[in-house]
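Listed below are the residues making up each chain.
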Amino acid sequence: MKRLPIVGLVTAVTCWLSNQAAHAASPNDAKGLWLSGDKGAVIEFKDCADTAGALCATVVWDKDAGTPLDTCGLLIAKLKKYDDEAWRDGWVHDPRTKKNYKAAVRVNKDTLSLRAFIGAEILGETEEMSRVASLPGAACKSH
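Residues numbered from 1 in each chain as written. Predicted model: local features only at pLDDT ≥ 70, side-chain atom pairs only at ≥ 80, totals over all residues. Heavy atoms only, no water.

This part covers the state of the cysteines. Counted according to the given criterion, the structure contains two disulfides. In this model Cys48 forms its disulfide with Cys56; the gap between the sulfur atoms is 1.9 Å. Here the S-S torsion is close to 105°, and the disulfide linking Cys48 with Cys56 is therefore right-handed. Note on Cys48: relative accessible area 8%, which makes it buried. (Disulfide = S-S within 2.5 Å. Buried < 20%, exposed > 50% of the residue type's maximum accessible area, 1.4 Å probe, protein only.)

Pasting the structure below:
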């Protein structure tokens, strides 16, 4: 009778581990459309046209389109390598402050976490974005 709880525990741990492996992050998880945390823009993450193997992010919808705050078409991130379940070795641009920062991007299911930092990643700030299937309005016009 004492073996039954141990067998159950081993089975539960084995199922949990196999489930974790099935959900392991991949470089392609970040690709697609992501609604910014403030819901004011949609960012498209995709392969960079000018750098093989890198990930770029561009504003493809902006609620402020046509105003002085318009960020349509702005390249806001370029990350050169995928390592340890995150895109790294690149930069992110904050259009509000007009500053560039080091960056790391991680995806957990339908949430993308973009961490901007100076120096050590642990001292940075994270914006969480939600995956969207389509744009909430008209796409940005080319500038």
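With that out of the way, let us pick up the environment of Gly40. Here Gly40 is to be found in the loop between strand S1 (32–35) and strand S2 (41–47). The class for Gly40 is buried, based on a relative accessible area of 6%. Taking the C-alpha atoms as reference, Gly40 lies 10.0 Å from Pro136; in sequence the two are 96 residues apart. (Helix = DSSP H or I, 4+ residues; strand = E, 2+ residues; numbered from the N terminus.)

Moving on, we get to empty space enclosed by the protein. On inspection of all chains with the given rule, the structure shows one cavity of 30 Å³ or more. In this structure, the largest cavity occupies an estimated 40 Å³ of space. Counting residues per element, the lining of the largest cavity draws most heavily on strand S6 (residues 99–108), which supplies three residues. Grouping the amino acids of the lining of the largest cavity by side-chain chemistry returns six nonpolar, one polar and three charged. (1 Å grid on protein atoms, 1.4 Å probe; cavity = no way out; pocket = protein on both sides within 12 Å on 5 of 7 lines; lining within 4 Å. Points joined across faces, edges and corners; volume = space filled by probe spheres on them. Nonpolar A, V, L, I, M, F, W, Y, C, P; charged D, E, K, R; others polar.)

Quick look at the pattern of salt bridges now. Under the definition given, this model contains seven salt bridges. Lys78 serves as the salt-bridge partner of Asp50, at 3.2 Å between the closest nitrogen and oxygen. A residue pair is termed long-range when its members are at least 10 positions apart, and Asp50 in the loop between S2 and strand S3 (55–62) and Lys78 in strand S4 (residues 75–83) qualify at 28 residues. For Glu121, the salt bridge identified is with Arg106, shortest N-O distance 2.7 Å. Placement of Glu121 in the loop between strand S7 (111–117) and strand S8 (125–132) and of Arg106 in strand S6 is noted, with a sequence separation of 15 residues between them. Overall, the relative accessible area of 22% leaves Glu121 in the partly exposed class. Here the salt bridges do not stand alone but share partners, grouping Arg88, Arg106 and Glu121 into one network. (Salt bridge = Lys/Arg side-chain N within 4 Å of Asp/Glu carboxyl O.)

Within S7, five of the seven residues are buried, which leaves it mostly tucked inside the rest of the structure. When S6 meets S7, the two strands line up antiparallel, connected through seven bridges. Across the sheet, residue Val105 finds its bridge partner in S7, namely Leu114. Joining the antiparallel neighbours S6 and S7 is a turn of two residues, in which Lys109 adopts a positive phi near 60°. Taken together, the six bridges between S7 and S8 define a ladder with antiparallel strand orientation. (Pairing = 2+ DSSP bridges.)

As paired strands, S4 and strand S5 (residues 86–94) are joined by six bridges and run antiparallel to one another. Residue Ala77 lies in a different strand from S5, and its bridge partner there is Val92. Count of turn residues in the S4/S5 antiparallel hairpin: two residues, of which Asp84 carries a positive phi of about 55°. Direction of pairing for S5 relative to S6: antiparallel, over a ladder of five bridges. By the bridge assignment for S6, Trp87 is matched with Val105. Where S5 folds back onto S6 in an antiparallel hairpin, the turn is made up of four residues, including Lys98, whose phi is positive at roughly 60°.

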